[in-house]
Amino acid sequence: MSATETAIASAEAHSAHNYHPLPVVVASAEGAWMTDVEGRHYLDLLAGYSALNFGHGNRRLLDAARAQLERVTLTSRAFHHDRFADFCTELAELCGMEMVLPMNTGAEAVETAVKTARKWGYRVKGVPDGMAKIIVASDNFHGRTTTVISFSTDPEARADYGPYTPGFEIVPYGDLTAMREAMTENTVAVLIEPIQGEAGVLVPPAGYLAGVRELTRERNVLFVADEIQSGLGRTGRTFALEHEGVVPDMYVLGKALGGGVVPVSAVVSSAEILGVFRPGEHGSTFGGNPLACAVALEVIAMLRTGEYQERAAELGDHLHRELGLLAGGGAVETVRGRGLWAGVDIAPALGTGRQISERLMAERVLVKDTHGSTIRIAPPLVISKEDLDWGLDRLRTVLSA
Ligand SMILES: *Cc1c(COP(=O)(O)O)cnc(C)c1O
């Protein structure tokens, strides 16, 4: 057996089969490239679902992590530490907000947003106890915890995990009228992704997000934006909502915030909203730890320069121009997305998204399929134009075979 086959067989024997990875075993990575256990190089066009916006082994991030590793890595929130205040201040400022509640994974941050919105509903809005409702969108992806999958519309994510957490109302994504009709005086929040990543990089109709902003403001409902995947540079702006000139009441952040080094997530909002928490009412042992703060501070400093957003916008224009040309040729049905982020619907006759991903892997390009015949392209924002073009060439080869 090859080193690859041995590693995969062993993983299959000893790990739960809750994933179906492509048959590549990565041993090292740098920038937009990964190297497998047999020394083959692959172009990474997934970037850890945007967790790797700044690329693999980013020097600045590794240096920040290494320096912090030598000082102090964990205190728990039982004590203050000297990176915490800077992290919260800088992140709030990047978001144009006032307060930060740090967690670790995206799903935990979404849970935190749900708890914040409910508490705000009872304490500030005056919703009767136990009656708070949160409106979410169909085809959403907000994580994998029991509460979060309770409002998923994906049967695979939900089946056999009931009983489900009540208090959520699902309306079609992009449909403002349905949202308005679902709203009652007990609605405390609308929770949506400004662009739905897992659903296939779905961009809502123009004006939808601004409409949600107007409606939520009118009805004293919190607009909670899950920018875990869409935020921090991916779309060519710091936040995807900026494309519509929209500022939410709460950002939910994760993935790229940890620079691909450590899991870092956060809820960022106003002092009025995050001010609802008192000591002991919510927390996390690892949330806001010194190592996480040090890496995230470097991520924030990098985003402050604007260069990554600009790069994503420029290379993104190029990516969408090239994919647009493919869309005329019969092999590709539709292309969606914004910035360095695209969902590509392949003509089903050419194979499933999984099969296309496997053929791309044979061409040394790594992508991830989603739902049926869609593949998703989201390279690290540090990818060179030459490498991106090389990857697009491989895609053309696979689609014309
Ligand atoms: C990845 C993701 C999450 C969940 O993050 P985890 O770190 O995997 O828990 C939530 N929302 C969106 C939009 C995501 O892309």
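Residues numbered from 1 in each chain as written. Predicted model: local features only at pLDDT ≥ 70, side-chain atom pairs only at ≥ 80, totals over all residues. Heavy atoms only, no water.

**Student:** What is the right way to read the overall build of the protein from this model?
**Tutor:** Within the protein, the regular secondary structure consists of 14 helices and 15 strands. Computed over C-alpha atoms, the radius of gyration of the protein comes to 21 Å, within 12% of the 21 Å expected from 2.2 N^0.38 for 401 residues, which places it in the range of a compact globule. Taking the principal axes of its C-alpha atoms as reference, the protein extends roughly 60 × 55 × 45 Å. Looking at the protein as a whole, 53% of its 401 residues qualify as buried. The contacts of the protein with a sequence gap of at least 6 include a subset with a gap of at least 24, amounting to 70%. Entry remark: accessible area of the protein is about 17300 Å², with carbon and sulfur atoms responsible for 52%. Looking at the protein, you have 36 positive and 50 negative side-chain charges, and the mean spots of the two groups are 2 Å apart. (Helix = DSSP H or I, 4+ residues; strand = E, 2+ residues; numbered from the N terminus. Rg over C-alpha atoms; globule rule 2.2 N^0.38 Å. Buried < 20%, exposed > 50% of the residue type's maximum accessible area, 1.4 Å probe, protein only. Contact = heavy atoms within 4.5 Å. Areas by Shrake-Rupley, 256 points an atom, 1.4 Å probe, with all protein chains shown as cover. Lys, Arg positive; Asp, Glu negative; His and termini not counted. Charge placed at Lys NZ, Arg CZ, Asp CG, Glu CD.)

**Student:** Can you help me understand the pairing of strand β4 (residues 99–103) in this one?
**Tutor:** The side chains of a regular strand alternate, residue by residue, between the two faces of the sheet. Counting buried residues along β4, four of its five residues qualify, which places the element largely inside the surrounding structure. Judged from the five bridges that link them, β4 and strand β10 (residues 265–269) form a sheet pairing that is antiparallel. Residue pairing across strands places Val-100 opposite Val-268, the latter belonging to β10. (Pairing = 2+ DSSP bridges.)

**Student:** Help me understand the site of the ligand, please; the structure alone is not making it clear to me.
**Tutor:** Around the ligand sit Thr-105, Gly-106, Ala-107, Phe-141, His-142, Gly-143, Glu-193, Asp-226, Ile-228, Gln-229 and Lys-255, and those are all the residues in its vicinity. Asp-226 is positioned such that a nitrogen or oxygen atom in its side chain is 2.7 Å from a nitrogen atom of the ligand. Between the ligand and Lys-255 there is a distance of 2.7 Å, counted from an oxygen atom to a side-chain nitrogen or oxygen. The residue inventory of the shell around the ligand, partitioned by class, reads three nonpolar, five polar and three charged. (Near = heavy atom within 4 Å. Polar contact = N/O pair within 3.5 Å; in protein donor to acceptor, adjacent residues only side chain to side chain. Nonpolar A, V, L, I, M, F, W, Y, C, P; charged D, E, K, R; others polar.)

**Student:** What's the story with the packing of aromatic side chains in this structure? I'm lost.
**Tutor:** Two numbers describe a pair of aromatic rings. These are the distance of the centres and the angle of the planes. Tallied over the entire structure, the rule returns five aromatic pairs. Note on Phe-54 and Tyr-308: the rings are 5.1 Å apart at their centroids and 85 degrees apart in plane angle, and the pair reads as edge-to-face. Of this pair, Phe-54 sits in the loop between α2 (47–50) and α3 (59–71) while Tyr-308 sits in helix α12 (residues 307–327), and the two are 254 residues apart along the sequence. A relative accessible area of 2% places Phe-54 in the buried class. Over the ring of Tyr-164 we find Arg-158, and its NZ or CZ is 3.9 Å from the ring centre. Seen from the ring of Tyr-42, Arg-364 lies directly overhead, with NZ or CZ sitting 5.7 Å from the centre. (Phe/Tyr/Trp six-rings, centres within 6.5 Å; stacked < 30°, edge-to-face > 60°. Lys NZ or Arg CZ within 6 Å of the ring centre and 35° of its normal.)

**Student:** When you look at the pattern of salt bridges in this model, what are you seeing that I'm missing?
**Tutor:** Pairing is possible between side chains that carry opposite charge, provided their charged atoms lie close to one another. Summed over the entire model, instances satisfying the criterion amount to 18 salt bridges. In this structure, Lys-368 engages Asp-369 in a salt bridge whose closest nitrogen and oxygen atoms are separated by 3.8 Å. The exposure class of Lys-368 is partly exposed, given its relative accessible area of 29%. A cluster of three or more residues bridged by salt bridges with shared partners is formed by Asp-36, Glu-38 and Arg-40. (Salt bridge = Lys/Arg side-chain N within 4 Å of Asp/Glu carboxyl O.)

**Student:** In this structure, what is going on with the packing of α12 against helix α14 (residues 385–400)? I would like to understand it.
**Tutor:** Between two packed helices, the angle of one axis relative to the other and the distance separating the axes together describe the packing. Look at α12 against α14: their axes get within 11 Å of each other, and the N-to-C directions meet at 20 degrees. Considered as vectors, α12 and α14 are oriented roughly parallel to each other. In the crossing of α12 with α14, the sense of the turn from one axis to the other is right-handed. Where α12 approaches α14, its residues Arg-311, Leu-315, His-318, Leu-319, Glu-322, Leu-323 and Leu-326 are matched on the opposing element by Lys-385, Leu-388, Asp-389, Leu-392, Leu-395, Arg-396 and Leu-399. Of the residues belonging to the contact of α12 with α14, the class tally is eight nonpolar, one polar and five charged. (Axes fitted to C-alpha atoms, helices over the stretch in contact; angles between N-to-C directions. Parallel < 35°, antiparallel > 145°, perpendicular 65-115°, else oblique. Left-handed = near helix turned anticlockwise from the far one by under 90°.)

**Student:** I keep staring at α3 and nothing clicks. Help me out?
**Tutor:** Owing to its 3.6 residues per turn, the α-helix aligns residues three or four sequence positions apart on the same side. Here α3 is 13 residues long and its end C-alpha atoms lie 19 Å apart, about the 18 Å a rise of 1.5 Å per residue gives. Listed in full, the buried residues belonging to α3 are Leu-61, Ala-64, Ala-65 and Gln-68. In an axial view of α3, the angular spread of the buried residues amounts to 95 degrees, which keeps them on one side of the axis. Exposed side of α3, more than 90 degrees from the buried face: Arg-59 and Glu-70 are the residues found there. Where α3 is buried, its residues contact α11 (290–304). Two to three positions downstream of the cap, the backbone nitrogen of Arg-60 sits 3.1 Å from a side-chain oxygen, assigning the N-cap of α3 to Asn-58. (Expected span 1.5 Å × (residues − 1). Arc of directions from axis to C-beta.)

**Student:** Mind showing me how you'd approach the sheet that holds strand β5 (residues 133–137) here?
**Tutor:** The strands that make up a sheet are held in pairs by hydrogen bonds between backbone atoms, and each pair lies either parallel or antiparallel. As summarised here, the arrangement of the seven strands in space is β4-β10-β9-β8-β7-β5-β6, forming an open sheet in which the pairing is mixed. Each end of this open sheet is capped by a strand with a single partner; those strands are β4 and β6 (168–171). In this sheet, adjacent strand axes meet at a mean angle of 20 degrees when their direction is disregarded. Sheet topology note: the strand β8 (residues 222–226)/strand β9 (residues 250–253) ladder contains three bridges and is parallel. From the neighbouring strand, Ala-225 faces β9, where its bridge partner is Tyr-251.

**Student:** What is the right way to look at the environment of Gly-197 in this model?
**Tutor:** Tracing the backbone shows Gly-197 in the loop between β7 (187–192) and α9 (208–218). In this structure Gly-197 comes out as buried when scored by relative accessible area, which is 1%. Expressed as a C-alpha distance, the spacing of Gly-197 and Leu-69, which sit 128 residues apart in the sequence, is 33 Å. Contacts of Gly-197, omitting those with residues within four sequence positions, involve Gln-229, Trp-341 and Arg-376.

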